[in-house]
Amino acid sequence: MQRLVPCLRSLSAFAGACRPWRRFLLASASTLLLPRIPPLLLKHERCYFGSFLLRAWSALVIRQPITSPLAAAASASLLSSSRGLLIFLVRPRGLLVLVDALTGAERLSLPLPSPHAPHHYAALTTTHLVLFVSKHAFASIPFPPAAAAAPDWAHHRLPRAASFVASIAEFRGRVLGVTDRAQLLEFRCLAAPAPEEEAAVEMLPATGLPDAATFESWHFGPRLVVAGDRLLLLLLMTDPAHRGAATGRPVKVHRVSVHALHETPDGAMRRWEEVDNLGGYSVFVDCAGRSAVACAKAAGCGDVAGNCIYFAEMTFYREYCQRYWMSLSPWWKWEHSAAAENKDAATISRKWPSQTWAYPRLFFQSSTAAAAAQL
(Lines give C-alpha, C1' and ligand atoms only; values in the text may rest on other atoms or scores of the structure.)
Protein backbone atom coordinates (compact mmCIF):
# COMPACT_ATOMS: atom_id res chain seq x y z
CA MET A 1 0.00 0.00 0.00
CA GLN A 2 2.80 2.42 0.81
CA ARG A 3 4.25 1.90 -2.68
CA LEU A 4 0.97 3.23 -4.15
CA VAL A 5 1.16 6.58 -2.35
CA PRO A 6 0.25 9.25 -3.43
CA CYS A 7 -1.84 8.00 -6.40
CA LEU A 8 -5.47 8.18 -5.25
CA ARG A 9 -6.69 6.01 -8.10
CA SER A 10 -4.34 3.19 -7.10
CA LEU A 11 -5.26 3.57 -3.43
CA SER A 12 -8.95 3.37 -4.32
CA ALA A 13 -8.25 0.18 -6.27
CA PHE A 14 -6.41 -1.17 -3.23
CA ALA A 15 -9.46 -0.46 -1.07
CA GLY A 16 -11.76 -2.14 -3.61
CA ALA A 17 -9.76 -5.37 -3.77
CA CYS A 18 -11.43 -6.96 -0.74
CA ARG A 19 -12.88 -6.10 2.64
CA PRO A 20 -9.77 -6.94 4.70
CA TRP A 21 -7.64 -4.65 2.52
CA ARG A 22 -10.23 -1.87 2.82
CA ARG A 23 -10.31 -2.24 6.61
CA PHE A 24 -6.52 -2.14 6.68
CA LEU A 25 -6.43 1.04 4.59
CA LEU A 26 -9.03 2.74 6.79
CA ALA A 27 -7.18 1.78 9.94
CA SER A 28 -3.83 2.97 8.54
CA ALA A 29 -4.91 6.17 6.81
CA SER A 30 -4.16 8.62 9.60
CA THR A 31 -0.62 7.36 10.25
CA LEU A 32 0.59 5.95 6.92
CA LEU A 33 -1.26 7.85 4.20
CA LEU A 34 -2.44 11.32 5.18
CA PRO A 35 1.01 12.62 6.23
CA ARG A 36 2.32 11.70 2.75
CA ILE A 37 -0.48 13.05 0.53
CA PRO A 38 -0.52 16.78 -0.29
CA PRO A 39 -3.88 18.55 -0.02
CA LEU A 40 -6.26 18.70 -2.94
CA LEU A 41 -7.43 22.06 -4.20
CA LEU A 42 -11.07 22.65 -5.13
CA LYS A 43 -11.35 25.68 -7.40
CA HIS A 44 -14.33 27.39 -8.98
CA GLU A 45 -13.06 28.19 -12.48
CA ARG A 46 -14.91 30.33 -14.98
CA CYS A 47 -12.98 28.94 -17.90
CA TYR A 48 -14.77 25.61 -17.34
CA PHE A 49 -18.26 27.12 -17.50
CA GLY A 50 -18.38 27.95 -13.82
CA SER A 51 -17.77 24.39 -12.63
CA PHE A 52 -15.78 23.30 -9.59
CA LEU A 53 -12.56 21.48 -10.43
CA LEU A 54 -10.65 19.30 -8.02
CA ARG A 55 -6.91 19.62 -8.67
CA ALA A 56 -4.08 17.68 -7.12
CA TRP A 57 -0.66 19.03 -6.25
CA SER A 58 0.90 16.92 -8.99
CA ALA A 59 -0.15 14.41 -11.63
CA LEU A 60 1.05 11.61 -9.36
CA VAL A 61 -2.00 12.18 -7.13
CA ILE A 62 -4.66 12.80 -9.80
CA ARG A 63 -3.58 12.84 -13.44
CA GLN A 64 -6.31 15.20 -14.69
CA PRO A 65 -8.56 17.66 -12.82
CA ILE A 66 -11.90 16.21 -11.75
CA THR A 67 -15.15 18.08 -12.21
CA SER A 68 -17.04 18.15 -8.91
CA PRO A 69 -20.88 18.34 -9.09
CA LEU A 70 -21.39 20.66 -6.12
CA ALA A 71 -25.15 21.06 -6.36
CA ALA A 72 -25.39 22.32 -2.77
CA ALA A 73 -23.15 25.30 -3.53
CA ALA A 74 -25.73 26.97 -5.75
CA SER A 75 -27.89 28.30 -2.89
CA ALA A 76 -25.60 27.87 0.08
CA SER A 77 -22.82 29.59 2.03
CA LEU A 78 -19.62 27.66 2.73
CA LEU A 79 -18.96 27.72 6.48
CA SER A 80 -15.81 25.60 6.41
CA SER A 81 -14.05 22.51 5.08
CA SER A 82 -13.34 19.89 7.68
CA ARG A 83 -12.15 16.27 7.58
CA GLY A 84 -12.92 15.79 3.89
CA LEU A 85 -16.37 17.39 4.06
CA LEU A 86 -17.64 20.79 2.99
CA ILE A 87 -20.04 22.28 5.54
CA PHE A 88 -22.69 24.46 3.88
CA LEU A 89 -25.29 26.72 5.44
CA VAL A 90 -28.46 26.44 3.32
CA ARG A 91 -30.57 29.16 4.89
CA PRO A 92 -33.63 28.92 2.58
CA ARG A 93 -34.06 25.28 3.66
CA GLY A 94 -33.00 25.89 7.25
CA LEU A 95 -30.37 23.17 6.99
CA LEU A 96 -26.73 22.50 7.65
CA VAL A 97 -25.56 20.35 4.73
CA LEU A 98 -22.40 18.23 4.70
CA VAL A 99 -21.06 17.44 1.23
CA ASP A 100 -18.34 15.01 0.23
CA ALA A 101 -15.61 17.28 -1.15
CA LEU A 102 -14.33 14.73 -3.66
CA THR A 103 -17.60 13.49 -5.19
CA GLY A 104 -19.91 16.43 -4.47
CA ALA A 105 -22.45 14.03 -2.95
CA GLU A 106 -24.60 15.22 -0.06
CA ARG A 107 -23.70 13.06 2.94
CA LEU A 108 -25.84 14.55 5.68
CA SER A 109 -28.35 17.36 6.23
CA LEU A 110 -29.34 18.60 9.67
CA PRO A 111 -31.95 21.15 10.78
CA LEU A 112 -30.34 24.28 12.17
CA PRO A 113 -30.62 24.73 15.95
CA SER A 114 -31.48 28.43 15.47
CA PRO A 115 -32.68 29.08 11.88
CA HIS A 116 -32.44 32.89 12.11
CA ALA A 117 -29.03 33.13 13.82
CA PRO A 118 -25.92 34.33 11.87
CA HIS A 119 -24.00 30.98 11.92
CA HIS A 120 -20.50 32.17 11.02
CA TYR A 121 -18.40 28.99 11.38
CA ALA A 122 -18.68 25.21 11.73
CA ALA A 123 -16.16 22.40 12.20
CA LEU A 124 -15.85 18.66 12.65
CA THR A 125 -13.80 17.02 15.37
CA THR A 126 -13.25 13.29 15.68
CA THR A 127 -16.38 13.03 17.85
CA HIS A 128 -18.53 16.16 17.34
CA LEU A 129 -20.01 18.53 14.81
CA VAL A 130 -19.71 22.09 16.13
CA LEU A 131 -21.77 25.02 14.83
CA PHE A 132 -21.10 28.56 16.02
CA VAL A 133 -24.52 30.18 16.18
CA SER A 134 -23.36 33.68 17.20
CA LYS A 135 -20.39 35.44 18.74
CA HIS A 136 -20.96 34.01 22.22
CA ALA A 137 -22.98 30.85 21.55
CA PHE A 138 -22.44 27.56 19.77
CA ALA A 139 -24.15 24.18 19.48
CA SER A 140 -22.73 20.69 19.16
CA ILE A 141 -23.91 17.14 18.52
CA PRO A 142 -22.06 13.82 18.51
CA PHE A 143 -20.92 12.91 15.02
CA PRO A 144 -22.32 11.02 13.27
CA PRO A 145 -25.65 11.91 14.93
CA ALA A 146 -28.01 9.21 16.11
CA ALA A 147 -31.04 10.90 14.50
CA ALA A 148 -30.25 13.26 11.64
CA ALA A 149 -33.89 14.28 11.11
CA ALA A 150 -34.23 15.53 14.69
CA PRO A 151 -30.73 16.13 16.08
CA ASP A 152 -30.37 16.78 19.77
CA TRP A 153 -28.20 19.92 19.69
CA ALA A 154 -26.40 20.75 22.93
CA HIS A 155 -26.12 24.51 23.45
CA HIS A 156 -23.08 26.16 25.03
CA ARG A 157 -21.84 29.63 25.84
CA LEU A 158 -18.44 31.12 25.15
CA PRO A 159 -16.64 33.31 27.68
CA ARG A 160 -17.96 36.86 27.58
CA ALA A 161 -14.49 38.23 26.79
CA ALA A 162 -14.04 35.96 23.74
CA SER A 163 -14.38 37.32 20.21
CA PHE A 164 -15.53 35.43 17.09
CA VAL A 165 -14.04 31.92 16.81
CA ALA A 166 -11.90 31.66 13.66
CA SER A 167 -10.72 28.04 13.72
CA ILE A 168 -10.63 24.84 15.77
CA ALA A 169 -7.88 22.20 15.99
CA GLU A 170 -7.41 18.97 17.92
CA PHE A 171 -4.07 18.79 19.65
CA ARG A 172 -2.84 16.12 22.10
CA GLY A 173 -6.34 14.98 22.96
CA ARG A 174 -7.68 18.50 23.47
CA VAL A 175 -9.98 20.58 21.29
CA LEU A 176 -8.53 24.09 21.03
CA GLY A 177 -9.81 27.14 19.21
CA VAL A 178 -8.61 30.61 18.35
CA THR A 179 -10.64 33.78 17.85
CA ASP A 180 -10.18 36.51 15.29
CA ARG A 181 -8.19 38.40 17.93
CA ALA A 182 -5.87 35.40 18.55
CA GLN A 183 -7.46 34.48 21.89
CA LEU A 184 -6.83 30.82 22.75
CA LEU A 185 -9.78 28.69 23.92
CA GLU A 186 -10.15 25.11 25.14
CA PHE A 187 -13.46 23.39 24.39
CA ARG A 188 -13.76 21.03 27.33
CA CYS A 189 -17.38 20.26 26.50
CA LEU A 190 -16.16 18.38 23.40
CA ALA A 191 -13.92 16.09 25.43
CA ALA A 192 -14.95 12.67 26.69
CA PRO A 193 -16.25 12.63 29.34
CA ALA A 194 -17.50 16.21 29.17
CA PRO A 195 -17.19 18.31 32.34
CA GLU A 196 -19.87 20.43 33.92
CA GLU A 197 -21.46 23.21 31.86
CA GLU A 198 -19.80 26.04 33.76
CA ALA A 199 -16.40 24.79 32.56
CA ALA A 200 -17.54 23.97 29.01
CA VAL A 201 -15.15 26.47 27.40
CA GLU A 202 -12.13 28.03 29.06
CA MET A 203 -10.06 30.93 27.85
CA LEU A 204 -6.34 30.15 28.06
CA PRO A 205 -4.23 33.27 28.63
CA ALA A 206 -1.08 33.29 26.52
CA THR A 207 1.60 35.91 25.97
CA GLY A 208 4.00 36.68 23.14
CA LEU A 209 1.63 37.75 20.34
CA PRO A 210 1.56 41.11 18.55
CA ASP A 211 -1.34 43.49 19.00
CA ALA A 212 -4.52 42.41 17.22
CA ALA A 213 -4.58 45.64 15.22
CA THR A 214 -1.45 44.58 13.34
CA PHE A 215 -2.71 41.35 11.70
CA GLU A 216 -5.57 40.57 9.33
CA SER A 217 -8.58 39.39 11.30
CA TRP A 218 -11.74 40.20 9.37
CA HIS A 219 -11.83 37.40 6.80
CA PHE A 220 -8.86 35.05 7.07
CA GLY A 221 -7.80 35.82 10.62
CA PRO A 222 -5.51 33.76 12.87
CA ARG A 223 -5.37 30.04 12.10
CA LEU A 224 -4.28 27.09 14.22
CA VAL A 225 -2.12 24.47 12.52
CA VAL A 226 -1.03 21.15 14.04
CA ALA A 227 2.43 20.28 12.71
CA GLY A 228 3.49 17.02 14.32
CA ASP A 229 3.96 17.63 18.04
CA ARG A 230 3.71 21.42 17.74
CA LEU A 231 0.71 23.71 17.72
CA LEU A 232 1.33 26.65 15.40
CA LEU A 233 -0.50 29.95 14.97
CA LEU A 234 -0.37 31.59 11.54
CA LEU A 235 -0.81 35.36 11.27
CA LEU A 236 -0.85 37.55 8.18
CA MET A 237 0.64 40.91 9.14
CA THR A 238 -1.00 43.62 7.05
CA ASP A 239 -0.34 47.17 6.00
CA PRO A 240 -2.48 49.49 8.18
CA ALA A 241 -3.18 51.69 5.16
CA HIS A 242 -4.82 48.81 3.27
CA ARG A 243 -7.29 47.22 5.67
CA GLY A 244 -10.00 46.64 3.12
CA ALA A 245 -11.08 43.04 3.74
CA ALA A 246 -14.38 44.19 5.24
CA THR A 247 -15.31 45.94 1.99
CA GLY A 248 -13.84 43.38 -0.40
CA ARG A 249 -10.77 45.40 -1.40
CA PRO A 250 -7.44 43.56 -1.57
CA VAL A 251 -5.44 43.53 1.66
CA LYS A 252 -1.68 43.97 1.38
CA VAL A 253 0.32 41.48 3.42
CA HIS A 254 3.82 42.63 4.29
CA ARG A 255 4.81 39.77 6.58
CA VAL A 256 3.95 36.17 7.46
CA SER A 257 4.27 35.38 11.15
CA VAL A 258 4.24 31.84 12.60
CA HIS A 259 4.19 31.23 16.35
CA ALA A 260 4.54 27.97 18.31
CA LEU A 261 2.78 27.41 21.63
CA HIS A 262 4.95 26.62 24.65
CA GLU A 263 3.12 25.50 27.77
CA THR A 264 4.38 24.51 31.21
CA PRO A 265 3.53 20.93 32.30
CA ASP A 266 0.98 22.18 34.82
CA GLY A 267 -0.64 24.48 32.27
CA ALA A 268 -0.13 27.54 34.44
CA MET A 269 1.84 29.53 31.85
CA ARG A 270 1.59 29.68 28.05
CA ARG A 271 3.59 31.66 25.58
CA TRP A 272 3.56 32.00 21.79
CA GLU A 273 7.10 32.17 20.41
CA GLU A 274 7.77 33.19 16.81
CA VAL A 275 9.53 30.47 14.79
CA ASP A 276 11.44 30.52 11.52
CA ASN A 277 10.96 26.86 10.60
CA LEU A 278 8.09 24.37 10.48
CA GLY A 279 10.09 21.32 11.43
CA GLY A 280 9.96 19.67 8.01
CA TYR A 281 6.25 20.34 7.52
CA SER A 282 4.53 22.40 4.86
CA VAL A 283 1.40 24.48 5.41
CA PHE A 284 -1.15 25.10 2.65
CA VAL A 285 -3.30 28.19 3.03
CA ASP A 286 -6.30 29.51 1.13
CA CYS A 287 -6.98 33.14 1.98
CA ALA A 288 -10.36 33.10 0.24
CA GLY A 289 -11.88 29.94 1.67
CA ARG A 290 -12.99 29.90 5.28
CA SER A 291 -10.68 27.98 7.62
CA ALA A 292 -8.92 26.31 4.70
CA VAL A 293 -5.58 25.37 6.23
CA ALA A 294 -3.83 22.06 5.72
CA CYS A 295 -0.51 20.69 6.90
CA ALA A 296 1.55 17.89 5.39
CA LYS A 297 4.90 16.28 6.11
CA ALA A 298 7.09 17.29 3.20
CA ALA A 299 9.06 14.03 3.17
CA GLY A 300 7.33 11.60 0.81
CA CYS A 301 5.08 14.27 -0.76
CA GLY A 302 6.93 14.43 -4.07
CA ASP A 303 7.98 17.95 -5.01
CA VAL A 304 6.49 19.63 -1.93
CA ALA A 305 9.24 21.64 -0.25
CA GLY A 306 9.56 21.44 3.50
CA ASN A 307 9.46 24.43 5.80
CA CYS A 308 7.28 26.41 3.37
CA ILE A 309 3.89 28.09 3.48
CA TYR A 310 1.95 27.74 0.24
CA PHE A 311 -0.75 30.29 -0.53
CA ALA A 312 -3.39 29.53 -3.17
CA GLU A 313 -3.28 32.05 -5.98
CA MET A 314 -6.09 33.08 -8.31
CA THR A 315 -4.69 32.03 -11.68
CA PHE A 316 -6.16 30.41 -14.78
CA TYR A 317 -4.95 28.32 -17.73
CA ARG A 318 -2.04 26.82 -15.81
CA GLU A 319 -0.82 23.36 -16.76
CA TYR A 320 0.46 22.19 -13.39
CA CYS A 321 -1.23 22.65 -10.05
CA GLN A 322 2.02 23.72 -8.38
CA ARG A 323 1.65 26.99 -10.28
CA TYR A 324 -1.58 27.66 -8.42
CA TRP A 325 0.45 28.21 -5.28
CA MET A 326 2.78 30.94 -4.06
CA SER A 327 5.48 29.69 -1.72
CA LEU A 328 6.69 31.79 1.22
CA SER A 329 8.94 31.05 4.17
CA PRO A 330 7.66 31.31 7.78
CA TRP A 331 9.73 34.48 8.29
CA TRP A 332 8.81 36.06 4.93
CA LYS A 333 8.73 39.86 4.75
CA TRP A 334 7.71 41.95 1.78
CA GLU A 335 10.80 44.14 2.15
CA HIS A 336 13.07 41.14 1.58
CA SER A 337 11.03 39.89 -1.38
CA ALA A 338 10.82 43.29 -3.07
CA ALA A 339 14.55 43.91 -2.70
CA ALA A 340 15.55 40.48 -3.99
CA GLU A 341 12.97 39.90 -6.71
CA ASN A 342 11.47 43.32 -7.38
CA LYS A 343 7.95 42.05 -6.62
CA ASP A 344 4.87 43.82 -5.38
CA ALA A 345 3.45 43.06 -1.96
CA ALA A 346 1.39 39.89 -1.60
CA THR A 347 -2.33 40.56 -1.51
CA ILE A 348 -5.40 38.69 -0.33
CA SER A 349 -8.85 39.55 -1.59
CA ARG A 350 -12.25 38.56 -0.34
CA LYS A 351 -13.47 38.57 -3.94
CA TRP A 352 -11.53 35.43 -4.78
CA PRO A 353 -13.71 32.35 -5.39
CA SER A 354 -13.92 29.95 -2.49
CA GLN A 355 -11.40 27.14 -2.58
CA THR A 356 -10.91 24.29 -0.19
CA TRP A 357 -8.80 21.22 0.45
CA ALA A 358 -10.30 17.78 0.59
CA TYR A 359 -9.44 14.13 0.91
CA PRO A 360 -11.39 11.18 -0.46
CA ARG A 361 -14.08 9.91 1.87
CA LEU A 362 -12.23 6.69 2.65
CA PHE A 363 -9.41 8.70 4.26
CA PHE A 364 -11.22 10.47 7.07
CA GLN A 365 -12.92 7.68 8.97
CA SER A 366 -12.23 8.28 12.65
CA SER A 367 -12.66 4.76 13.97
CA THR A 368 -12.41 1.18 12.78
CA ALA A 369 -15.91 0.47 14.09
CA ALA A 370 -17.40 3.23 11.95
CA ALA A 371 -15.49 1.95 8.95
CA ALA A 372 -16.60 -1.65 9.47
CA ALA A 373 -20.22 -0.51 9.78
CA GLN A 374 -20.13 0.80 6.22
CA LEU A 375 -18.74 -2.40 4.68
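Every chain's residues receive numbers from 1 upward, in the order its sequence appears when written. pLDDT decides what is reported in this predicted model: residues at 70 or higher carry local features, side-chain atom pairs at 80 or more are listed and counted, and totals for whole chains, interfaces and linings draw on all residues regardless. Hydrogens are left out, water is left out, and the side-chain values use all remaining heavy atoms of the structure.

Looking at this model, I keep getting lost on the overall build of the chain. Mind explaining?
Per the convention used, a helix needs a DSSP run of H or I reaching at least four residues, while a strand needs a run of E reaching at least two, with both numbered from the N terminus. Scanning the chain from terminus to terminus reveals four helices and 25 strands. We call a residue buried when its accessible area falls under 20% of the maximum for its residue type, exposed when it is over 50%, and partly exposed in between, using a 1.4 Å probe and counting protein chains only. Within the span of the chain, comprising 375 residues, buried residues form 51% of the whole. Look at the contacts in the chain between residues 6 or more apart in sequence, and 53% of them connect residues 24 or more apart. Here the accessible surface of atoms and residues is derived via Shrake-Rupley with a 1.4 Å probe, and residues count as covered only by protein chains that are part of the display. A total accessible area of about 17,600 Å² is found for the chain, and carbon and sulfur atoms account for 54% of it. By definition in these notes, contact holds between two residues if any of their heavy atoms fall within 4.5 Å.

Is there a simple way to explain the pattern of salt bridges in this structure?
Where charged atoms of side chains with opposite charge meet at close range, the side chains can pair. In what follows, salt bridge is the name for a side-chain nitrogen of Lys or Arg lying within 4 Å of a carboxyl oxygen of Asp or Glu. Throughout the structure, instances matching the rule amount to six salt bridges. Close ionic contact of Arg174 with Glu263 constitutes a salt bridge, the shortest N to O distance being 3.2 Å. Within this pair, whereas Arg174 is found in strand β13 (residues 174-179), its partner Glu263 is found in strand β18 (residues 251-263), the two being separated by 89 residues in sequence. By relative accessible area, which is 33% here, Glu263 ends up partly exposed. A salt bridge links Glu186 to Arg188; its shortest N-O distance comes to 3.8 Å.

So what exactly am I meant to see when it comes to the side chain of Thr125 here?
Mapped onto the secondary structure, Thr125 falls in the loop between β8 (121-124) and β9 (128-132). In contact with Thr125, not counting residues within four places along its chain, are Arg83, Ile168, Glu170, Val175 and Leu190.

Whenever I open this one, the environment of Gly94 confuses me. Can you help?
In this fold, Gly94 is placed in the loop between β5 (85-90) and β6 (95-100). Given the relative accessible area of 19%, Gly94 is considered buried. When the C-alpha atoms of Gly94 and Ser114 are compared, they prove to be 8.7 Å apart, with 20 residues separating the residues in sequence. Residue contacts for Gly94: discarding those within four places in its chain leaves Leu110, Pro111 and Leu112.

Explain the environment of Pro39 to me, please; I cannot follow it from the model alone.
Topologically, Pro39 is positioned in the loop between α2 (19-33) and β1 (40-45). The buried category is assigned to Pro39, whose relative accessible area is 2%. For the pair Pro39 and Val61, spaced 22 residues apart in sequence, the C-alpha separation works out to 9.7 Å.

For this particular structure, what's the right way to read the nonpolar core?
One broad rule of soluble globular proteins: the nonpolar side chains tend to lie buried together. Ranked by size, the top nonpolar core spans 25 residues in total, and within it Leu8, Leu11, Leu33, Leu40, Leu86 and Phe88 carry the most contacts. Elements with a minimum of two residues in this core: α1 (8-17), α2, β1, β2 (51-55), β5 and β6. When residues of this core are assigned to their parent elements, the largest contribution, four residues, is made by α1. Judged by nonpolar contacts, the second largest core, of 19 residues, contains Phe220, Leu236, Val253 and Ile309. Here, nonpolar core means buried Ala, Val, Leu, Ile, Met, Phe, Trp, Tyr and Cys residues that are tied together by side-chain atoms lying within 4.5 Å of each other.

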